[in-house]
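Here is what each chain is made of, one letter per residue.
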Amino acid sequence: MSTTPSRPTPAEREEIARLLPVPAERDRPGRHHQALKNQLLREFRQDTAPAAAKPRFGVRRLTIVAVPLAAGALAVTLATNGASGPSGPAPGARPNAAAAPGSDRKAPETTPATVLLDRIATVAAAKPARTVRDDQYIHISSRVAWSSQSDADPVLRLDTPHSREVWLSVDGSKPGLLRERGEEIPLAGALDKDGQPVDPVGVPDPTLNSPTYRYLESLPTDPEVLLKKIYDETKGQGPGPDQEAFVTIGDLLREQIAPPKVSAALYKAAALIPGVTVVDDTVDAAGRHGVAVARVHAGERTEWIFDKKSLEFLGERGVMVEDKTWGKAGQVTASTAVLSRGITDKTGEAPGRTG
């Protein structure tokens, strides 16, 4: 017998990656407050570290989604046990014609998740387009709670919900601002030893991992073209192309306001990703109940929560669905709620209007 172990095939490596917990740096949403601050500052000064090394919710860290709101009705058949999977078509629905770009699996037939995402996309597209100047800021006010852990206590412990506000430059040319836990943290370019900005640039080169409003405006509005772009540009990152695409879409909608047609395309692109499900009842950090679009990875479910009647985006939640060393099934790992969204002329001020 040879003493040299054989190298696993790509398929075997993918299966091993799926079965083993992803290292804490990438897979756990919990972060100490200082670590969160440091990550935000790294993102907004265009850190040169590989995108795959950045902590994320699910794969990236949990922050806030900001999507256009619209009125609409929700009529979707939901499976039992609180979640609907991609295992069967909705009555009278047509199967998707093509597989998700970048995925080696066939696209699922139309399911409650694809029906729900199509309705969300329809109402998002119906919102009027905003007139936004380059010198303005996107403003998001929210209520958030993240988990934290330490070497002495590896179990995720959910923080007490608290308020959070962020101002982001529309074109990325100026520093933004984060206001959280009584602190005001500049989101800018290079920082001095005291953490103060010495470079006035905010996000000069936006990407899928660090978008601005202007960058979101430039994205393709064809869902298949958009999803292919996401798969292509995130190839080799994360635990697999499908999970990476799902969390990338979440990132593109998170703490930003996407133009209506782009929001619709992102939701329709998410519907093409295998494994996306529906959770028929969940709750955000403000205690509001809603229906969620979700995906499970490494024993944790990432949920985007929407009002059941209006399809207004409410917030996000992370919840364990399997027992792991860092958490037990049913344990909430992260929770957020968007309270207001709008446009301001300068950092530190509230918008004149929201929605």
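Conventions we followed
Residues numbered from 1 in each chain as written. Predicted model: local features only at pLDDT ≥ 70, side-chain atom pairs only at ≥ 80, totals over all residues. Heavy atoms only, no water. pLDDT = per-residue confidence, 0-100. Helix = DSSP H or I, 4+ residues; strand = E, 2+ residues; numbered from the N terminus. Contact = heavy atoms within 4.5 Å. Phe/Tyr/Trp six-rings, centres within 6.5 Å; stacked < 30°, edge-to-face > 60°. Buried < 20%, exposed > 50% of the residue type's maximum accessible area, 1.4 Å probe, protein only. Pairing = 2+ DSSP bridges.

**Description of the confidence of the model for the protein chain**
Part 1 of the argument: Mean pLDDT for the protein chain: 75, with 64% of residues reaching 70 or above.
Part 2 of the argument: In the model of the protein chain, helix α2 (residues 24-27) stands out as the element of lowest mean pLDDT, 38, in contrast to strand β7 (residues 277-283), which has the highest, 97.
Part 3 of the argument: Predicted confidence is poor over residues 1-98, with pLDDT under 50, and the contacts of this stretch with residues over four places away or in other chains come to 247 contacts.

**Concerning the packing of aromatic side chains**
Part 1 of the argument: Taken as a whole and assessed by the stated rule, the structure comprises 4 aromatic pairs.
Part 2 of the argument: When the ring of Tyr-267 is compared with that of Phe-306, the centres are 5.8 Å apart and the planes differ by 75°; the resulting orientation is edge-to-face. Here the residue Tyr-267 occupies a position in helix α8 (residues 260-271), and Phe-306 occupies one in strand β9 (residues 300-306), the gap between them amounting to 39 residues. When sorted by exposure, Tyr-267 lands in the same class as Phe-306, which is buried.
Part 3 of the argument: With 5.5 Å between their ring centres and 80° between their planes, Phe-306 and Phe-313 make a pair best called edge-to-face. Considered together, Phe-306 and Phe-313 belong to a single accessibility category, that of buried residues.

**Section: the pairing of strand β10 (residues 313-320)**
Part 1 of the argument: Counting buried positions along β10 yields 8 of 8 residues, so the element is predominantly enclosed.
Part 2 of the argument: Both β9 and β10 contribute to a ladder of 7 bridges, which runs antiparallel. Looking at β10, one finds that Glu-300 is bridged to Met-320.
Part 3 of the argument: The turn joining β9 and β10, which pair antiparallel and follow one another in sequence, is formed by 6 residues; a positive phi near 65° is taken by Leu-311.
Part 4 of the argument: Here 3 bridges tie β10 to strand β11 (residues 332-344), and the two strands are oriented antiparallel to one another.

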